[in-house]
Amino acid sequence: MELDGTPVSIVQTEGEVFAIHDICSHANVSLSEGEVDDCHIECWLHGSRFDLRSGKPDALPATRPVPVYPVKIEGDDVLVSLTQES
């Protein structure tokens, strides 16, 4: 999805909801098409893994983090602030 022109992936895992920039920092591909395991999302193209809480990569080839965004749940609504947490 895009919020104000920013590609964002909303991920629910481990009972929490996360918002992470949807473009891999290594290759210009969508992270939302990758697999989610615990609190990590894996880029489908080269296998880089990013922590959904911090955006930091924990598997090569990515070496740069991707932005993560604050999420607030209000009833059935998921509210995302484009102010970066990291």
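Conventions we followed
Residues numbered from 1 in each chain as written. Predicted model: local features only at pLDDT ≥ 70, side-chain atom pairs only at ≥ 80, totals over all residues. Heavy atoms only, no water. Patch = residues over 30% accessible without salt bridge, like charges linked within 9 Å, V, L, I, M, F, W, Y side chains within 5 Å. Areas by Shrake-Rupley, 256 points an atom, 1.4 Å probe, with all protein chains shown as cover. Salt bridge = Lys/Arg side-chain N within 4 Å of Asp/Glu carboxyl O. Helix = DSSP H or I, 4+ residues; strand = E, 2+ residues; numbered from the N terminus. Buried < 20%, exposed > 50% of the residue type's maximum accessible area, 1.4 Å probe, protein only. Pairing = 2+ DSSP bridges. UniProt positions renumbered as here; feature names shortened; annotations may be inferred. Core = buried A, V, L, I, M, F, W, Y, C linked by side-chain atoms within 4.5 Å. Contact = heavy atoms within 4.5 Å.

- As annotated in an unreviewed UniProt entry, the protein carries the name (2Fe-2S)-binding protein and is attributed to Streptomyces echinoruber.

## Concerning a nonpolar patch on the surface
1) Next: A surface patch of nonpolar side chains, amounting to about 350 Å² of accessible area, comprises Met1, Ile10, Ile73 and Val78.
2) Next: The topology assignment puts Ile73 in strand E9 (residues 71–74).

## Focus: the pairing of strand E2 (residues 6–13)
On any regular strand, side chains alternate: one points to one face of the sheet, the next to the other face.
1) Next: Across the eight residues of E2, six count as buried, placing the element largely inside the fold.
2) Next: Hairpin geometry of strand E1 (residues 2–3) and E2 is characterised by an intervening segment of two residues between the two adjacent antiparallel strands and by a positive phi of about 50° at Asp4.
3) Next: Sheet topology places E2 next to strand E3 (residues 16–21); six bridges connect them, and they run antiparallel. Along E3, the bridge assignment pairs Gln12 with Val17.

## Some details on the sheet that holds strand E5 (residues 40–42)
1) Next: Spatial ordering of the open sheet is given by E4-E5-E6-E7, a layout of four strands whose pairing is antiparallel. Of all strands in the sheet, those with a lone pairing partner are strand E4 (36–37) and strand E7 (57–59), marking the two edges.

## Quick word on the UniProt feature "domain: Rieske" (unreviewed entry) in the protein
1) Next: In this numbering, the UniProt entry assigns the feature "domain: Rieske" (unreviewed entry) to residues 1–80.
2) Next: Taken end to end, residues 1–80 is 0% helix and 46% strand, and its first and last C-alpha atoms sit 12 Å apart.

## Section: the pattern of salt bridges
In a structure, side chains of opposite charge can pair up when their charged atoms sit close to one another.
1) Next: As enumerated under the stated definition, the model contains four salt bridges in all.
2) Next: Ionic pairing is found between Arg49 and Asp58, a salt bridge with its closest N-O pair at 3.5 Å.
3) Next: Exposure remark for Asp58: the relative accessible area of 43% places this residue in the partly exposed category.
4) Next: Residue Arg53 pairs with Asp51 through a salt bridge whose shortest N-O separation is 2.8 Å.

## Here we look at the sheet that holds E2
1) Next: Pairing within the open sheet is antiparallel, and its four strands lie in the order E1-E2-E3-E8. Two strands close off the open sheet at either side, each with one partner strand: E1 and strand E8 (68–69).
2) Next: As paired elements, E1 and E2 share two bridges and run antiparallel to each other. Its bridge partner being in E2, Leu3 is matched across the sheet by Thr6.

## Some words on the nonpolar core
1) Next: With 15 residues, the main nonpolar core has Ile20, Cys24, Leu31, Ile41, Phe50 and Leu52 as its most contacted residues.
2) Next: The residues contacting Ile20, other than those within four sequence positions of it, are Pro7, Val8, Ser9, Ile41, Phe50, Asp51, Leu52, Gly55, Val66, Pro67, Val68 and Tyr69.

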